[in-house]
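A look at the structure
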Amino acid sequence: MSKLVGGCDDEDELAKLHSASRDWGFFQVWLIKCFNLFFFSSINQFLDDGFWVKIQVINHGVPDKVILKMKADIQEFFSRPLQEKMECAQLPSDIQGYGQAFVVSVEQKLDWGDMLYILAQPQDVRNMRFWPRVPSSFRATLIQYSIELEKLKGILLSSMARNLGLEPEKLLTLFEEGVQGVRMNYYPPCKQASKVIGISPHTDVVGLTLLTQVNEVQGLQIKKDGKWIPVDPVPGAFIVNVGDVIEIMSNGEYKSIEHRVVVNPEKERLSIAAFHNSNRNAVIGPLPDILSKEQKKRAPNYKSISYQEFLKLGQKATLEGKEKGLAHHLKIETEAAQ
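These notes cover the structure that comes with them. Each residue is numbered by its place in its chain's sequence as written, counting from 1. Under the rules for a predicted model, residues below a pLDDT of 70 receive no local features and side-chain atom pairs below 80 are neither given nor counted, while totals for whole chains, interfaces and linings still include all residues. Values shown for side chains rest on all heavy atoms present in the structure; no hydrogens or waters enter the calculation.

**Considerations on the pattern of salt bridges**
As a working rule, side chains carrying opposite charge can pair if their charged atoms are close by. Inclusion rule: One speaks of a salt bridge when a side-chain nitrogen belonging to Lys or Arg is within 4 Å of a carboxyl oxygen belonging to Asp or Glu. Strands here mean DSSP runs of E at least two residues long; helices mean DSSP runs of H or I at least four residues long; both are numbered from the N terminus. Think of it in three bands: residues with accessible area under 20% of the maximum for their type are buried, residues over 50% are exposed, and the middle band is partly exposed, with areas taken using a 1.4 Å probe on protein chains only.
Applying the stated criterion across every chain, the model contains 7 salt bridges. Between Lys170 and Asp289 there is a salt bridge; the shortest N-O distance is 3.2 Å. Here the residue Lys170 occupies a position in helix 5 (residues 168–175), and Asp289 occupies one in helix 7 (residues 288–291), the gap between them amounting to 119 residues. Relative accessible area serves as the criterion here: at 32%, Asp289 is assigned to the partly exposed category.

**With respect to the sheet that holds strand 11 (residues 259–261)**
Let me state the cut-off plainly: Any two strands between which DSSP finds at least two bridges are classified as paired. Between the N-to-C directions of two axes lies an angle of 0 to 180 degrees, each axis being a line fitted to C-alpha atoms and, for a helix, fitted only over the stretch in contact.
If you walk across this open sheet you meet the 4 strands as 6-11-8-9, and the pairing is antiparallel. Of all the strands in the sheet, just strand 6 (199–202) and strand 9 (227–230) have a single pairing partner and so form its edges. Within the sheet, the average angular offset between the axes of one strand and its neighbour, ignoring direction, is 25 degrees. Of the pairings in the sheet, the one linking strand 8 (residues 220–224) to strand 9 comprises 4 bridges and is antiparallel in character. Bridging from a neighbouring strand, Ile222 pairs with Ile229 of strand 9.

**What to know about the side chain of Asn185**
Rule in force here: Here a polar contact is taken to be a pair of N or O atoms separated by no more than 3.5 Å, where protein atoms must pair a possible hydrogen donor with a possible acceptor and residues adjacent in sequence count only if both atoms sit in side chains. Residue contacts follow a heavy-atom distance rule, with two residues in contact if any of their heavy atoms lie within 4.5 Å.
Here Asn185 shows up in strand 5 (residues 180–187). Its relative accessible area of 3% is what places Asn185 among the buried residues. Of the polar contacts made by the side chain of Asn185, one reaches the side chain of Arg183; its length is 2.5 Å. Among residues more than four places away in sequence, those in contact with Asn185 are Phe78, Asp114, Met115, Arg269, Leu270 and Ser271.

**Quick notes on the pairing of strand 12 (residues 269–276)**
Across the 8 residues that make up strand 12, a large majority, 8, are buried. Of the pairings in the sheet, the one linking strand 5 to strand 12 comprises 8 bridges and is antiparallel in character. For Met184, the partnering residue across the bridge sits in strand 12 and is Ile272. By the bridge criterion, 6 bridges tie strand 7 (residues 208–213) to strand 12 in an arrangement that is antiparallel.

**Details of empty space enclosed by the protein**
Short version of the rule: Put plainly, a pocket is an open set of points on a 1 Å grid over the protein atoms alone with protein on both sides within 12 Å along at least five of seven lines, a cavity is a set where a 1.4 Å probe fits but cannot get out, and a lining residue has an atom within 4 Å of a point. Grid points are joined across faces, edges and corners, and a volume is the space filled by probe spheres set on the points. Each residue gets one of three labels, nonpolar for Ala, Val, Leu, Ile, Met, Phe, Trp, Tyr, Cys and Pro, charged for Asp, Glu, Lys and Arg, and polar for the others, Gly among them.
What the rule picks out here adds up to 3 cavities of 30 Å³ or more. Empty space within the largest cavity amounts to approximately 70 Å³. For the lining of the largest cavity, the secondary structure elements donating two or more residues are strand 4 (114–121) and strand 5. Residue contributions to the lining of the largest cavity peak at 4 residues, all from strand 5. Within the lining of the largest cavity, the residues separate by chemical class into 4 nonpolar, 4 polar and 3 charged.

**Points about a negative patch on the surface**
Threshold: Residues qualify for a patch when their relative accessible area is over 30% and they have no salt bridge, like charges being joined within 9 Å and the nonpolar side chains of Val, Leu, Ile, Met, Phe, Trp and Tyr within 5 Å. For accessible areas, the Shrake-Rupley method is used with a probe of radius 1.4 Å. Any residue's cover is judged against the shown protein chains and nothing else. Neither His nor the chain ends is counted toward charge; the positive residues are Lys and Arg and the negative residues Asp and Glu. By convention, charge coordinates are those of NZ in Lys, CZ in Arg, CG in Asp, or CD in Glu.
On the surface, Glu167, Glu169, Glu176 and Glu177 cluster together into a patch of negative charge. As for its position among the elements, Glu169 is in helix 5.

**Observations regarding helix 1 (residues 11–23)**
Applied cut-off: Any helix carries an expected span of 1.5 Å times its number of residues minus one.
With 13 residues, helix 1 should cover 18 Å at 1.5 Å per step; its first-to-last C-alpha distance of 18 Å lies within 8% of that length. Listed in full, the buried residues belonging to helix 1 are Glu13, Leu14, Leu17, His18, Ser19, Ala20 and Ser21.

**Quick look at the packing of helix 2 (residues 64–79) against helix 4 (residues 138–163)**
Definition in use: With respect to orientation, any angle under 35 degrees is reported as roughly parallel, any angle over 145 as roughly antiparallel, any angle of 65 to 115 as roughly perpendicular, and every other angle as oblique. Two helices cross in a left-handed way if the nearer one is turned anticlockwise from the farther one by less than a right angle. They cross in a right-handed way if the turn is clockwise.
Where helix 2 meets helix 4, the closest approach of the two axes is 9 Å, and the angle between their N-to-C directions is 135 degrees. Judged on the interaxial angle alone, helix 4 and helix 2 are oblique. In this structure, helix 2 crosses over helix 4, and the sense of that crossing is left-handed. Where helix 2 approaches helix 4, its residues Val66, Ile67, Lys69, Met70, Asp73 and Ile74 are matched on the opposing element by Phe138, Thr141, Leu142, Gln144, Tyr145 and Glu148. When the residues that make up the contact of helix 2 with helix 4 are grouped by side-chain class, the tally is 7 nonpolar, 2 polar and 3 charged.

**Details of helix 2**
The end-to-end C-alpha distance of helix 2 is 23 Å, a good match for the 22 Å that 16 residues give at a rise of 1.5 Å each. Considered for burial, the residues of helix 2 that qualify are Val66, Ile67, Met70, Lys71, Asp73, Ile74, Phe77 and Phe78.

Put into C-alpha cells, the structure is as follows:
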C-alpha cells in the first residue's frame, strides 16, 4: 500500500485496487512478517480451476501491536461471565451494547452469535454506558484501534477516488467526521451447524467495512455469480468490503456484495468489523463528477437522498427483514434512467 500513499499514484497498484472494488467488492491487506511486507488481495480473482490469485501491495499501516491488543481485549470480554457482559447490555431501540443484531420479532429465528456494538468515532457519538470496564484496558485499546482504522479508511477512499476519476478530497470530504461503528462478534460452535447461521445474508449499509478476524477460524462467505465463496482468513489481515454508500456514490461502478457468516461445528469464531459511514451532511447519491466524467453526461443509476433519509430507509429495510441492500432499493430502473 506504500505505492498508494504520498501522491505516488502507482498505476499498476491502483488498477489492482480498482479491479477488486469493481469486480468483487471485497479485498484483503495483510502483513508477511518475515519480509516485513504487506500484501493486498482481492477476495479472489477466482478461476475455473479453483486457484486463488493474490494481488500484492505494501503496508496497510496499522501497527501490529494495536491489532493484537484489540484482539486480546475482545477475547477476554467475551470470556467473562454473562452477568458481567450484561452490564453493557443493549437498551430497547438501540443497537449499541452487548446482545444481538437485527432482532425485529420475538418469533424470528435468531442468528447464532453474540455481539458488542459500539460507536467509536467521532468522540461526540460515544456512549460510555456501553463500553466495557473489564478488561480495564478495553476503552483505551478501542480508541487507539479506531483512530488507526480511520487513517486506513482515508488511504483507501483516496485511492478509490483516483480510480473513479475524482479528486481525492471530493470523496474524503463526504466521509470526514462520519460515524464509525465497531461491531465485535462471537460465534459459538454448533454441532448442527447446517441448521443455524452466524449472520444472515446482507450487504453493509455504510461506505467501507474493515474486518479483523480474531482467531482465524473460517466462517465469512461472499456471494459471487450465485455461489457462496468462503474467505480464507489470513493472520494479520484486514478484510475490506465496499458498502452500499460507495456503490451508490460510484453510480454502480463499485459493488456492495452480499455476504454471510456460517458457524463452525467445533470451534468458536471471533471477529471485529468497523463500519465507516459518510458524514451527516452528505447526500447519498451518484457523485456529479462521476456522472459528468470525461465530459460525457451519464444517467444516474440510483436515486439521491439525504443521509438522514438513508438511515431511516436502512432501519425500515432491517425491520422488514430484507436481504438485499439499500443500493438495490435505490436503484433506478433502466428505462427510467434512460
